[in-house]
Amino acid sequence: MGEVLLSIICLALAFDFINGFHDTANAVATSLATGALAPRPAIFLATTMNFAGALTFTGVAMTIAGDIVDTAVLFQYPRAIQAALLAAILWNLFTWAGGLPSSSSHALVGALTGATLAAAGAPGVNLAGMTTILQALILSPPLALVAGFTVMLLVSYLTGSRAGPRRDHRFRRWQRLAAAFQAFSHGTNDAQKTMGVITLALVLTGYQDNFVVPLWVKVLSAAALALGTSCGGWRIIRTLGRGITHLNPPAGFAADMGSALVIFTATLWGLPVSTTHVVSSSITGAGLARGAGNVSWPTVARIILAWTFTLPATIALGALLYAVSARGSII
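To keep things clear, this report deals only with the structure shown in the data block. Every chain is numbered independently, its residues counted from 1 as its sequence is written. This being a predicted model, a pLDDT of at least 70 is required before a residue's local features are given, and a value of 80 or more before pairs of side-chain atoms are given or counted; all residues contribute to the totals for chains, interfaces and linings. Processing note: side-chain calculations cover all non-hydrogen atoms of the structure and skip hydrogens and water entirely.

Comments concerning the environment of W269
No. 1: Helix numbering and strand numbering both begin at the N terminus, where a helix is a DSSP run of H or I of at least 4 residues and a strand a DSSP run of E of at least 2. Here W269 shows up in the loop between helix 11 (249–268) and helix 12 (275–288).
No. 2: Residue W269 is classed as exposed on the basis of its relative accessible area, which comes to 67%.
No. 3: Placed 267 residues apart in sequence, W269 and G2 show a C-alpha to C-alpha distance of 34 Å. Here's how the labels work: a residue is buried when its accessible area is under 20% of the maximum for its type, exposed when over 50%, partly exposed in between, all with a 1.4 Å probe on protein chains only.

Some words on the nonpolar core
No. 1: For the purposes of this section, nonpolar cores are sets of buried Ala, Val, Leu, Ile, Met, Phe, Trp, Tyr and Cys residues that join through side-chain atoms within 4.5 Å. Core analysis: the largest hydrophobic core is formed by 53 residues, its most contacted members being I68, L74, I81 and L85.
No. 2: At the level of secondary structure, the elements contributing two or more residues to this core comprise helix 1 (3–34), helix 3 (59–67), helix 5 (79–97), helix 6 (104–120), helix 7 (127–159), helix 8 (165–204), helix 9 (215–231) and helix 13 (297–325).
No. 3: Element by element, the count of residues in this core is highest for helix 5, at ten residues.
No. 4: The contact criterion used is simple: two residues touch if any of their non-hydrogen atoms lie within 4.5 Å. With sequence-adjacent residues up to four places away left out, I68 is seen in contact with T63, V109, L112, T113, V125, N126, M130 and I133.
No. 5: With 19 residues, the next largest nonpolar core counts V155, F253, A254 and W307 among its residues.

A word on helix 12
Each α-helix turn comprises 3.6 residues. Residues three or four places apart therefore point the same way.
No. 1: Each residue after the first adds 1.5 Å to the expected span of a helix. Taking 1.5 Å per residue as the helical rise, helix 12 with its 14 residues ought to reach 20 Å, and the 20 Å between its terminal C-alpha atoms agrees with that figure.
No. 2: Taking burial as the measure, the 14 residues of helix 12 include 13 buried ones, the bulk of the element.

As for the pattern of salt bridges
No. 1: What counts as a salt bridge is simple: a side-chain nitrogen of Lys or Arg found within 4 Å of a carboxyl oxygen of Asp or Glu. For the coordinates displayed, the defined rule picks out two salt bridges.
No. 2: As a salt-bridge pair, R167 and D168 come within 3.0 Å of each other at their nearest N and O atoms.
No. 3: A relative accessible area of 17% places D168 in the buried class.
No. 4: The partner of K193 in a salt bridge is D190, with the nearest N and O atoms 2.7 Å apart.

Some details on the side chain of H277
No. 1: On the secondary structure map, H277 appears in helix 12.
No. 2: What makes H277 buried here is its relative accessible area of 2%.
No. 3: Non-local contacts of H277, meaning those with residues more than four positions away in its chain, are made with S103, H106, P141 and W307.

Let's talk about the side chain of S140
No. 1: Within the element layout of this structure, S140 appears in helix 7.
No. 2: We define a polar contact as two N or O atoms separated by no more than 3.5 Å, with the added condition that, inside protein, one atom must be a possible hydrogen donor and the other a possible acceptor, whereas residues neighbouring each other in sequence contribute only through side-chain atom pairs. Here L137 takes part through its backbone oxygen, which lies 3.4 Å from a polar atom of the side chain of S140.
No. 3: In contact with S140, not counting residues within four places along its chain, are V262, V273 and V278.

With respect to helix 11
No. 1: Its 20 residues place the ends of helix 11 28 Å apart at the C-alpha level, agreeing with the 28 Å of an ideal helix rising 1.5 Å per residue.
No. 2: Counting buried residues in helix 11 gives 16 out of 20 residues, a clear majority hidden from the surface.
No. 3: Structurally, the start of helix 11 carries an N-cap: the backbone nitrogen of A251 is 2.9 Å from a side-chain oxygen of N248.
No. 4: Directly beyond the C-terminal end of helix 11, a positive phi value near 75° is found at G270.

A look at the packing of helix 6 against helix 7
Helix packing geometry: the angle between the two helix axes and the distance between the axes.
No. 1: At a closest axis distance of 11 Å, the pairing of helix 6 and helix 7 adopts a crossing angle of 155°. Judged on the interaxial angle alone, helix 7 and helix 6 are roughly antiparallel. Along this stretch, helix 6 crosses helix 7, giving a crossing that reads as left-handed. Contact with helix 6, carried on its side by S105, H106, V109 and T113, involves M130, I133 and L137 of helix 7 and no other residues of that element.
No. 2: Here the term charged refers only to Asp, Glu, Lys and Arg, the term nonpolar to Ala, Val, Leu, Ile, Met, Phe, Trp, Tyr, Cys and Pro, and the term polar to all other amino acids, Gly among them. Looking at the contact of helix 6 with helix 7 residue by residue, the classes come out as four nonpolar, three polar and no charged. For helices, the fitted line uses only the C-alpha atoms of the stretch in contact; every axis is such a line through C-alpha atoms, and the angle between N-to-C directions lies from 0 to 180 degrees. Put simply, angles under 35 degrees are roughly parallel, angles over 145 are roughly antiparallel, angles from 65 to 115 are roughly perpendicular, and the rest are oblique. By definition, turning the near helix anticlockwise from the far helix through less than a right angle yields a left-handed crossing, and turning it clockwise yields a right-handed one.

See the structure below:
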């Protein structure tokens, strides 16, 4: 196996691991905030369901591998993938240190775009595929906000004014199921991105002539994401679980179910979405359904600011790191 390909695989798995602990909050923050799960069972649930989800689908992986770059043009520049992964890793670590739930998906797409532009120019980017991916990334947060809002309204309608310990106990049980679905959905979408990058690298380096994801790539990617999830991203968990809105058990259930439905639907369509954006938006929608005063708008503004800067920052960082890698290996 070539040196460049091996380094890409290592960087991709490192990105996957970091994605796991960066995005653990997506699956467990609401369950911890409402008391539906204790920390250790929550992390165990997220880890196992992430792993199961990662092994179940490959549509998103094939989209990442085939729709972002033009492989015929980028064939001469495999180091662009190397630079893109390092850029996405650095951005994830930067936002994790600040407790900001930024998008690993945006980071990866932005870094791949920037590195490709630096390596091959505009012809290296698959414009039609990128347009579809960006549409999915942009439209999924408002859809998740509507989903969280709608589920919360439905829950409120069905339960009426019957608030109290019995209602909360019942919704904590339901939320465990919703959290399992949420973690499974997260695995079906996020691990696929790493699978797609490794498959793309296999094609660019001549080890494979199609975008079918090999079994060993599925297993390694699923394991890296699950291992990262098991480490927990506690800084971001605090932001999502407590910073956006006060989550009681019905609101936690609504937020988990709303986000899981959006992520899983995107997976069925083979579309990569930001699980972080989707979960944050669904939590906001669940809070908004109980009144605008229940949402911490300064926290939402900080999250939106991180979202806004992720694509341009990672495009620039990916391009910069490729310029460095063009002179030799970057790891």
